[in-house]
Amino acid sequence: MEKQTTDIVIAGGGVIGMAVAYFLSKDSNLSITLIDQKKPGNASWASAGGLWPIGESVGLGCGVIFFKSLSKRRRENPDAPTEPDHPHQLPDCFLNYSLISNNMFPALWDELKEQAQVDFKFERTGLKFLMYDDDDAAYAKQIQEGIPQLHDQLKWQDQQQLHEDEYYVSKDAIGALTFLPDHQVNPYLLVQAYRVGAIRNGVKMIENTEVSEVIMHHNRVTAVRTNQQQEFSCSTFINAAGAWAGQIGNMMDINIPVAPVKGQVIVSERLPPIMKSCISTSDCYIAQKDNGEVLIGSTTEIKGFDTNGSYPELQSLVKGAIKALPILGSVAIKRTWSGLRPGSPDELPILGPVEGIAGYLNACGHFRTGIVTSPITGQIISDLVLGKQTPIDITPFLYQRFLNPDFEATFSLESEVA
Amino acid sequence: MQQISLPVTPCPVIIGGGPAGLNTAITLAEHGISSIILDENPALGGAIFRQPSKKTQQGHSPVLDEKTRDRASRILEKLDKHSDKITVYHRAQVLGQLSADNAIMVLHDHHVTELHYSALFICTGCYERSQPFPGWTLPGVMSVGGMQLQVKSNLVRPGDRVVLTGTGPLLLVAAQQFHDAGMQVVGVYEAGQKMDLYKEIPALLADMPLLFDGLKYLAYLKQKNIPVHYGWGIVKAKGEDELSEVIVAPYDNAWQPMAGKHKALKADSLAVNYGFTSRTQLTQQLGCTHHYQPNRGGVTAEIDEWHRTSRDMVYTAGDANGIYGSYVAEVEGQITAFGHLIDSGIINQSHANLTCAPLRNNLQRLIKFQHGFSKLSTPKEGLLSLPDPDTVICRCENVMRSKIDLAIAQGIGDITKLKMATRVGMGDCQGKNCGDFCRNYLAQKTARKHEEIGRLNPRFPLSPVTFSAFAGTGE
């Protein structure tokens with residue numbers, strides 16, 4: 001066993017672990033060691049790179065498959081109840097958290113271009129919810145009513161305005177509701193930018209290595225061991241292990257309720273620009289990336305750590321994409337893949353300390369929104385380590401909430417979602 | 001063209017109608033087993049036996065030598081004899097496996113079909129290693145096989161003055177074919193040293209007829225005044241909009257071009273082949289266990305003596321499982337069929353052992369011969385130094401060497417992270433072309449082992465398919 005001493009150990013080299021490493025190394029002179037094991041399904045490598053704080057908070061974007069819009073239910077079953085759906089809206093604390101984080105991107109983009117010489121391709125696109133019929137329109141209306149504080153961040157378009165804006169969108173779309181602050185980045189380059197920035201600030205990267213054991217002494221984490229026979233004594237251990245965060249929790253005998261939620265994604269060949277905004281429909285989301293590829297996602301499946309592609313699910317995404325953008329019919333699918341979102345039962349992240357365990361911080365459970373919430377998560381964890389005031393109140397995101405007898409799960413990690 | 005009609009009960013499916021796949025199908029048919037061959041080309045035979053797509057007056061390609069032509073017609077006659085048991089689909093693309101076990105997705109005639117199999121034989125052959133060097137993307141620069149394909153299949157002449165560089169006996173064969181097709185062959189530049197060839201004479205004597213073939217090619221080139229230079233290789237290709245000049249130089253023992261000894265050759269075509277890579281995208285996508293054989297085609301599936309992979313009822317044979325050439329592929333195709341006959345209880349192990357004993361003897365001799373050549377022709381590290389900083393490495397994504405160098409300087413040490421940071425291998429070919437160079441370059445620059453560098457996992461679909469075909473709404 002090779003023994004080393006460091007101030008901080010971070011488990012996980014996805015976007016959250018890297019953001020924490022970057023922010024903490026920028027704000028302090030602590031010695032920081034990040035341990036990462038590449039695993040099939042890493043969500044940051046599978047991400048679409050949407051920065052959709054409003055879209056995700058109201059159940060669109062990556063969460064769209066969560067529930068079926070009325071028009072979709074009627075298509076499948078003409079006898080479906082006729083009352084409109086209620087948008088699946090996350091609490092205001094989450095909307096606030098993700099909006100503040102989203103606002104950090106323009107400055108972060110400049111900063112990392114300078115500090116890391118990596119351009120993570122921040123693009124101001126907006127996110128459009130496409131409406132195909134009156135049911136979709138009624139649904140969009142409800143979304144608007146659920147977020148009165150953000151009215152000036154929304155834009156309605158009728159069919160004609162939509163087509164002036166988005167030439168290739170299907171003539172079947174009757175209009176769109178645009179979320180103006182929802183943009184996109186290249187997720188891999190974002191991770192790379194944090195990573196290079198962190199390395200320049202002195203963070204040590206231990207790659208192709210897995211945390212195998214967490215050593216506790218009197219309810220305090222004192223060291224972390226790896227499967228490469230290393231032992232890192234540390235004063236703080238940060239769990240940013242994504243879909244594998246629960247396994248880290250098990251090493252300390254705490255049950256961190258994070259479980260993999262599979263999402264399948266399709267990407268097209270490179271195309272000249274065919275869309276200005278990112279698009280969400282009740283079937284899928286669609287985003288054209290900086291290199292011209294069009295990315296379509298995504299399913300929401302509880303299949304454990306399985307990352308295999310499946311025909312019916314991919315086919316339904318493909319059909320949804322052609323419905324929104326008929327031009328895609330003649331375009332080639334280049335690749336498909338799936339990622340494992342780190343799902344939590346209330347769809348909120350799990351941040352900060354756990355009562356009764358000293359020297360340990362959670363930075364996990366980011367579900368569908370790790371990319372957009374990475375800057376604020378990095379800042380919050382850095383502030384917690386350094387004993388500073390965090391930019392927002394993290395009480396709703398503490399692990400403690402799961403111990404409350406009134407805790408209610410909105411998302412069942414055990415059962416298949418419709 | 002007919003759509004794929006699904007058999008009532010799943011039958012063996014053979015991917016690739018080259019020497020390995022055809023022999024598998026024929027051997028199965030001889031034992032009463034029906035099978036399906038999926039081949040991506042308009043005609044069977046694989047790269048070695050491919051017939052011209054346009055009929056010539058002679059009815060065969062004038063540039064297939066007599067011996068190859070005889071081999072091709074022998075095997076196609078056998079296939080004909082068993083046509084009731086062998087269904088062939090031409091222009092069929094295997095896209096890979098999705099969720100269903102024991103099924104592959106096939107694109108054929110604009111339709112995507114989920115084809116269930118009782119056994120899967122992956123006989124996908126190999127492709128030429130792509131070797132980046134300055135100017136390699138200029139029009140006029142091609143792989144040797146690509147140029148052969150033009151000459152053989154389409155009967156077009158790629159240019160007037162051709163230079164061949166690379167390694168291995170293919171260069172000699174191609175030089176003769178190009179000459180016969182009316183091109184002026186400026187010279188053949190073989191990277192291997194002549195001394196190394198002499199050292200391998202005992203191994204090469206293992207197969208007298210093959211050795212004789214080689215000498216015949218050499219004698220032919222000599223007779224036609226086509227110079228063969230050993231220990232020489234490519235430095236760069238030059239030209240404004242298309243190739244006009246090829247720079248070659250003597251190579252040192254590591255195949256690094258010697259400075260100050262460059263020689264310029266006027267040419268409008270350059271054929272390059274620095275070896276082959278086994279085509280293992282499908283075995284990889286299926287999750288078979290693989291290992292790395294640097295001199296034998298790179299990453300290949302681990303197999304037993306009957307060519308069983310680590311996955312039940314999935315077999316692989318021929319160049320797809322290590323580069324040994326078409327003679328070996330023919331024998332392996334038969335052996336793997338016997339493997340399946342054992343596994344499906346049609347014949348017993350001892351019967352199979354007896355029947356295959358002469359095949360295995362033959363195989364041993366052929367492989368010994370091939371090992372002799374591989375010592376001469378194993379690509380060496382010096383080739384990694386050929387590209388300049390502004391040479392494109394990944395042609396799909398247009399990634400230059402300098403971008404890879406920057407990523408390495410930023411601490412990247414495995415192929416997956418290199419892909420995410422630079423987009424190498426993210427194009428249509430999924431790293432089929434640049435993957436090998438990138439892995440070796442990373443290993444060299446970071447002094448890491450191949451296991452640490454990792455490999456690019458091929459994703460579904462293994463070749464592009466349109467949205468409408470996949471949705472099932474396609475024309």
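Just above sits the structure.
Along each chain, residue indices are assigned from 1 in the same order as the chain's sequence is written. Whichever chain is written first is A, and whichever ligand is written first is 1; the rest continue in order. Selection of residues for local features in this predicted model requires a pLDDT of at least 70, selection of side-chain atom pairs for listing and counting requires 80 or more, and totals for whole chains, interfaces and linings are taken over all residues. Computation of side-chain values covers all heavy atoms of the structure but excludes hydrogens and water.

Caption draft 1: Quick peek at the interface of chain A and chain B. Counting residues at the interface gives 40 residues for chain A and 32 residues for chain B. In total, chain A and chain B occlude about 3100 Å² of area from one another, counting both sides; carbon and sulfur atoms represent 58% of this. Of all residues in chain A, the largest losses of buried area upon contact with chain B belong to Tyr311(A), Ile333(A) and Arg335(A), amounting jointly to 22% of the total for that side. The salt bridge involving Lys334(A) is made with Glu397(B); its shortest N-O contact spans 3.3 Å. Two N or O atoms form a polar contact when they lie within 3.5 Å of each other; inside protein one atom must be a possible hydrogen donor and the other a possible acceptor, and for residues adjacent in sequence the pair counts only when both atoms belong to side chains. The interface formed by chain A and chain B holds 14 residue pairs in polar contact (both at pLDDT 80 or more) in total. At the level of secondary structure, the elements contributing two or more residues to the side of chain A that touches chain B comprise α9 (187-200), β14 (259-270), β17 (293-297), α11 (311-324) and β18 (332-343) of chain A. Contacts are residue-level and defined by heavy atoms, with any inter-residue pair within 4.5 Å sufficient. Computed with a 1.4 Å rolling probe, the buried area is the accessible surface lost when two parts are put together, summed over both parts. Salt bridges are counted wherever a side-chain nitrogen of Lys or Arg sits within 4 Å of a carboxyl oxygen of Asp or Glu. The way it works is that DSSP assigns letters per residue, a run of H or I at least four long becomes a helix, a run of E at least two long becomes a strand, and they are numbered from the N terminus.

Caption draft 2: Spatial organisation of the pairing of strand β10 (residues 211-217) of chain A. Residues and elements named next belong to chain A. Here a strand pair is declared whenever DSSP counts at least two bridges between the two strands. Of the strand pairs in this sheet, β10 and strand β11 (residues 220-226) are connected by six bridges, and their pairing is antiparallel. By the bridge assignment, Glu-213 is partnered in β11 with Arg-225. Where β10 folds back on β11, the antiparallel hairpin that results is connected by two residues, among which His-218 adopts a positive phi of roughly 50 degrees.

Caption draft 3: Representation of the pairing of strand β16 (residues 285-288) of chain A in the model. Residue and element names in this part refer to chain A. Buried means the residue's accessible area, taken with a 1.4 Å probe over protein chains only, is under 20% of the maximum for its type, while exposed means over 50%, and partly exposed covers the values in between. Alternating positions in β16 separate into two faces, Tyr-285 and Ala-287 on one and Ile-286 and Gln-288 on the other, with burial throughout. The turn joining strand β15 (residues 278-280) and β16, which pair antiparallel and follow one another in sequence, is formed by four residues. The pairing of β16 with β17 spans four bridges and is classified as antiparallel. Looking at the pairing, Tyr-285 lines up with Gly-297 of β17. Between β16 and β17, which pair antiparallel in sequence order, lie four residues; one of them, Gly-292, sits at a positive phi of approximately 100 degrees.

Caption draft 4: A look at the pattern of salt bridges. All names here are of chain B. Taken as a whole, this structure holds 35 salt bridges over all chains when the rule is applied. Here Asp-101 and Arg-311 are joined by a salt bridge, their closest N and O atoms 3.9 Å apart. Of this pair, Asp-101 sits in the loop between β4 (93-96) and β5 (103-108) while Arg-311 sits in the loop between β18 (298-301) and β19 (314-316), placing them 210 residues apart in sequence. Judged by relative accessible area, Asp-101 falls into the exposed class, the value being 52%. Exposure remark for Arg-311: the relative accessible area of 17% places this residue in the buried category. Between Arg-308 and Asp-343 there is a salt bridge; the shortest N-O distance is 2.7 Å. Residue Arg-308 is found in the loop between β18 and β19, and its partner Asp-343 is found in helix α10 (residues 325-343); the two are separated by 35 residues along the sequence. Judged by relative accessible area, which is 23%, Arg-308 ranks as partly exposed.

Caption draft 5: Representation of the side chain of Gln192(A). Examined against the element boundaries, Gln192(A) turns out to sit in helix α9. Not counting residues within four places of it along the chain, the set of residues in contact with Gln192(A) comprises Val118(A), Gln410(B), Ile412(B) and Ala421(B).

Caption draft 6: Geometry of the packing of helix α1 (residues 19-30) of chain B against helix α3 (residues 66-81) of chain B. Residue and element names in this part refer to chain B. Where helices are involved, their axes are fitted lines through C-alpha atoms of the stretch in contact, as for all axes, and angles between N-to-C directions lie from 0 to 180°. α3 packs onto α1 with a crossing angle of 35 degrees between their chain directions and a minimal axis gap of 10 Å. Seen from above, α1 lies across α3 with left-handed handedness. On α3, the residues that touch Pro-19, Leu-22, Asn-23 and Ile-26 of α1 are Ile-75, Leu-76, Lys-78 and Leu-79. Each residue gets one label: Ala, Val, Leu, Ile, Met, Phe, Trp, Tyr, Cys and Pro are nonpolar, Asp, Glu, Lys and Arg are charged, and the others, such as Gly, are polar. Per-class residue counts for the contact of α1 with α3 are six nonpolar, one polar and one charged. Helix crossings get a hand from a simple test, with the near helix turned counterclockwise from the far one by less than a right angle marking a left-handed crossing and a clockwise turn marking a right-handed one.

Caption draft 7: Broad picture of the nonpolar core. All names here are of chain A. Only buried residues count toward a nonpolar core, which is a set of Ala, Val, Leu, Ile, Met, Phe, Trp, Tyr and Cys residues joined through side-chain atoms within 4.5 Å. Core analysis: the largest hydrophobic core is formed by 68 residues, its most contacted members being Phe-120, Phe-179 and Tyr-194. The element best represented in this core is helix α1 (residues 15-27), accounting for nine residues. If near-sequence neighbours (up to four positions away) are discounted, Phe-179 is found in contact with Ile-54, Gly-55, Val-58, Leu-60, Gly-126, Leu-127, Phe-129, Ile-143, Gln-153 and Leu-154.

Caption draft 8: Geometry of the sheet that holds strand β5 (residues 127-131) of chain A. An order of β6(A)-β7(A)-β5(A)-β15(A)-β16(A)-β17(A)-β14(A)-β18(A)-β22(B) is seen for the nine strands of this open sheet, with the pairing classed as mixed. The sheet terminates laterally at β6 (154-158) of chain A together with β22 (465-466) of chain B, the two strands that pair on one side only. Taken together, the five bridges between β6(A) and strand β7 (residues 175-179) of chain A define a ladder with antiparallel strand orientation. Considered in β7(A), the bridge of Trp156(A) is made with Leu177(A). Strand contacts of helix α7 (residues 134-146) of chain A: β5, β6 and β7 of chain A, with the helix running at about 140 degrees to β5(A), the strand carrying the most contacts. Strands in contact with α11(A) are β5, β14, β16, β17 and β18 of chain A; relative to β14(A), the strand with the most contacts, it is inclined by about 50 degrees.

Caption draft 9: Main features of the sheet that holds strand β10 (residues 184-190) of chain B. Residue and element names in this part refer to chain B. Taken together, five strands build an open sheet; the order of strands is β8-β15-β9-β10-β11 and the sheet is parallel. Edge positions in the sheet fall to β8 (141-143) and β11 (228-230), since each has one partner strand and no second. Averaged over all pairs of adjacent strands, the angle between strand axes in this sheet comes to 20 degrees, irrespective of strand direction. Pairing between strand β9 (residues 161-166) and β10: six bridges, direction parallel. From the neighbouring strand, Leu-164 faces β10, where its bridge partner is Val-188.

Caption draft 10: Molecular detail of α1(B). All names here are of chain B. By this rule the span expected of a helix is its residue count minus one, scaled by 1.5 Å. Taking 1.5 Å of rise per residue, 12 residues should cover 16 Å, and α1 covers 16 Å from first to last C-alpha, within 8% of that figure. Inspection of α1 places Pro-19, Ala-20, Gly-21, Leu-22, Asn-23, Thr-24, Ala-25, Ile-26, Thr-27, Leu-28 and Ala-29 among the buried residues, and these make up the whole buried set. In the segment just after α1, Gly-32 is the residue with positive phi, at about 85 degrees.

Caption draft 11: Fine view of the side chain of Thr113(B). All names here are of chain B. Locating Thr-113 in the fold gives a position in strand β6 (residues 111-122). Residue classification places Thr-113 among the buried residues on the basis of a relative accessible area of 9%. In this structure, Thr-113 is in contact with Ile-4, Leu-6, Ile-104, Met-105 and Val-106, ignoring residues within four places of it in sequence.

Caption draft 12: Local environment of the packing of helix α5 (residues 170-180) of chain B against helix α8 (residues 208-223) of chain B. Residue and element names in this part refer to chain B. It is the contact of α5 with α8, at a shortest axis distance of 9 Å, that shows an interaxial angle of 45 degrees. Taken together, the axis directions place α5 and α8 in an arrangement best described as oblique. Here the hand of the crossing between α5 and α8 comes out left-handed. Contact residues: Leu-172, Val-173, Ala-175, Gln-176, His-179 and Asp-180 in α5; Tyr-217, Leu-218, Tyr-220 and Leu-221 in α8. A class-by-class count of the residues in the contact of α5 with α8 yields seven nonpolar, two polar and one charged. Reported orientations rely on four angle classes, namely roughly parallel under 35 degrees, roughly antiparallel over 145, roughly perpendicular from 65 to 115, and oblique for the rest.

Any link to function would need more than the numbers given here.
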